[in-house]
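Below, each chain spelled out in residue letters.
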Amino acid sequence: MKIIIVGGVAGGMSAATRLRRLDETAEIIVFERGHYVSFANCGLPYFVGGIIRNRGDLLLQTPQSLNARFALDVRVDTEVVQIDRAAQTVTVRSMLTGDESVEHYDRLVLAAGASARAGAAGGAAIPTHTLRTVDDVDHITAVLAETSAASAVVIGGGFIGLEAVENLVHRGVRVTLVQRGSQIFTPLDPEMAAPVLDRVRERGVDVRLNTTVTGQWGQTVSLSDGTTVPADLVIDASGVRPDVNLAEQAGLRIGESGGVWVDGTQATSDPLIFAVGDGVEKTDAVDGSGTLVTMAGLANRHGRSVADSIAGTPEQAAPALGTGILGIFGLTVALVGWNEKRLVAAGRAHRIAHTHPANHAGYFPGAEGMSIKLLIDAESDAILGAQIVGGSGVDKRIDVLAVAMAAGLGASALTRLELAYAPQYASAKDPINQLGYVASNLAQGTSVNLQWHELDAARTAGAVLIDVRSSGEFAAGSIPGALNVSLDELRDRLGDLPRVPLIVHCQVGQRGHTAARILAQNGFDVQNLDGGYRTWLAGTSSLVVSPIAERVLV
């Protein structure tokens, strides 16, 4: 059997090496239009920042090493420009000479990935690069090496943009981050993104929200807010789009998300052609729709799956959760599943739980806080998504939640997970268990919560806000118009409270829940402000007006 793979790196090389392990006799050819067929693209920003010092550490395999170990025929600087499905051939062109040739295939794997979405405007007076290839980092580091006291503009505040910002700052570069929307890192909801923005600005980054680049003049970049900023370098991290040109030309089906459609075995609409990687549509784990998830883990996993399918042992691909993680100036930001914005847009009824636990026992030295947001199906109690921002321990918790989603555990079932505990690693009530307790209270009706962006409407309708923190906490910062009745005094002051709907809150939600239970059992109509003052402060500081519409309730 002759198998041709179009594209290397994660998906393509995983397919090629797995195929060889399964079939020693197959002829396997890999065409890669770039000069490097296997490199650590997720490590590229850290080479720019000098965290990874040896450029060679980024180059995982070469055509020679792949041939020696796996008997693969890897041809770099070679682009597949056409597929003839009837003849089962591809036309390939040398990027160096322009010469073309035709190769026959028995099976074809497309792993073309995604292409950068153009975001920089104006001419090329300033070196402007994406951050996706080894060539990109060579160009970027060359510019920085030639310039002392360099300044840079980064376009886009997503995964790559924020990693670029962090590493440029680490290298001593003055950075302006230009973000088209009203918040950075849009996979997060606004209140969860607020501490990320604060941390980036604390490190001296000039962040311009609701702004785009309009042009380049000399050594300055013009912005849509009417200002100009100096720049020796522009990094365009404004996003990617699936590279489907070859598939479209061949008449293959394109999915609803814009990626190449595949079935559960990674086969396209042509059973002899398979596809993997960032350019391929995945099945969303939450609603079963077609979606794009550009994560290295999925590309590697699906590369292995397509090899199994070609070798005759197919296995249905699991739906994509979209689990992701980012490190930025000492913060860890992690997510899985859907965010609140997406649930609201889809009209899906849901509940929300915010918690602010420590990563391990508070009495043990070095405890670090984290903020967690859990999104729960209002009818089934299924976990729809989660977001975590904090220090140590965030990665562990997001992975537990991802496994819980994949296993179909309900949010309330998190109470029953038996997780490893010692005071330097966790708490006896792990943050995951605590989420389950909150979710269980909501499901049982033991607690009724209110979201930070629903507070103003509730108060306009006549509800009274009660702050149950201490007088010292209240004096240090409070929600305007709140009445301060500390939790420890609450039972003695029930007669002072108006018999109208009440909203209680504390710093993070726990004392608020206790207060709400006291009031509810004394005949009050009461809700607890979810996540307390900390969540409200983060949410309201991030926006002038919340873009989140009224939540779909049970």
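Cut-offs and rules
Residues numbered from 1 in each chain as written. Predicted model: local features only at pLDDT ≥ 70, side-chain atom pairs only at ≥ 80, totals over all residues. Heavy atoms only, no water. Helix = DSSP H or I, 4+ residues; strand = E, 2+ residues; numbered from the N terminus. Polar contact = N/O pair within 3.5 Å; in protein donor to acceptor, adjacent residues only side chain to side chain. Contact = heavy atoms within 4.5 Å. Salt bridge = Lys/Arg side-chain N within 4 Å of Asp/Glu carboxyl O. Buried < 20%, exposed > 50% of the residue type's maximum accessible area, 1.4 Å probe, protein only. Core = buried A, V, L, I, M, F, W, Y, C linked by side-chain atoms within 4.5 Å. pLDDT = per-residue confidence, 0-100. Pairing = 2+ DSSP bridges.

A. The arrangement of the side chain of H505 in detail. You can see H505 is positioned in strand β31 (residues 502–505). Side chain to side chain, H505 and D467 meet in a polar contact 3.4 Å long. The residues contacting H505, other than those within four sequence positions of it, are L465, I466, D467, V468, R469, I479, N528, L529 and Y533.

B. Molecular detail of the pattern of salt bridges. The full count for this structure, using the stated rule, is 23 salt bridges. One salt bridge in this structure joins E340 and K373, with 2.6 Å as the shortest N-O distance. Linking E340 in helix α9 (residues 340–346) with K373 in strand β26 (residues 370–377), this pair joins segments that are 33 residues apart in sequence. In this structure K373 comes out as buried when scored by relative accessible area, which is 0%. With a shortest N-O distance of 2.8 Å, R397 and D430 are connected by a salt bridge. On the criterion of sequence distance, the pair formed by R397 in helix α10 (residues 394–407) and D430 in the loop between α10 and α11 (431–444) is long-range, its members being 33 residues apart. We classify R397 as buried; its relative accessible area is 1%. Among the residues examined, D430 registers a relative accessible area of 2% and is labelled buried. Taken together, the shared-partner salt bridges in this structure form one network comprising K2, D73, R75 and E103.

C. The arrangement of the nonpolar core in detail. Formed by 43 residues in total, the largest nonpolar core has its most connected members in L162, L168, I184, V200 and I328. Those residues within four positions of L162 in sequence are excluded, and the remaining contacts are G157, L177, I184, F185, V196, V200, L326 and I328. In terms of nonpolar packing, the next biggest core, distinct from the first, is built from 30 residues, A334, L375, A411 and A439 among them.

D. View of the confidence of the model for the protein chain. The predicted model of the protein chain averages 95 in pLDDT, with 97% of residues at 70 or higher. Ignoring residues within four places in sequence, the model shows residues 544–554, a span with pLDDT below 50, making 26 contacts including any to other chains.

E. Local environment of the sheet that holds strand β13 (residues 174–178). Read across the sheet, five strands follow the order β11-β18-β12-β13-β14 without closing on themselves; strand pairing throughout is parallel. If you trace the sheet from one side to the other, it starts and ends with β11 (128–129) and β14 (206–208), each paired once. Pairing of β13 with β14, which is carried by three bridges, proceeds in the parallel orientation. Residue pairing across strands places T176 opposite D206, the latter belonging to β14.

F. Molecular detail of unusual backbone geometry. Located in the positive-phi region is V9, a residue other than glycine, with phi close to 55 degrees. The backbone phi angle of Q266 is positive, close to 75 degrees, even though this residue is not glycine. You can see Q266 is positioned in the loop between α7 (245–249) and β20 (273–275). Take Q266: its relative accessible area is 2%, and that puts it in the buried class.

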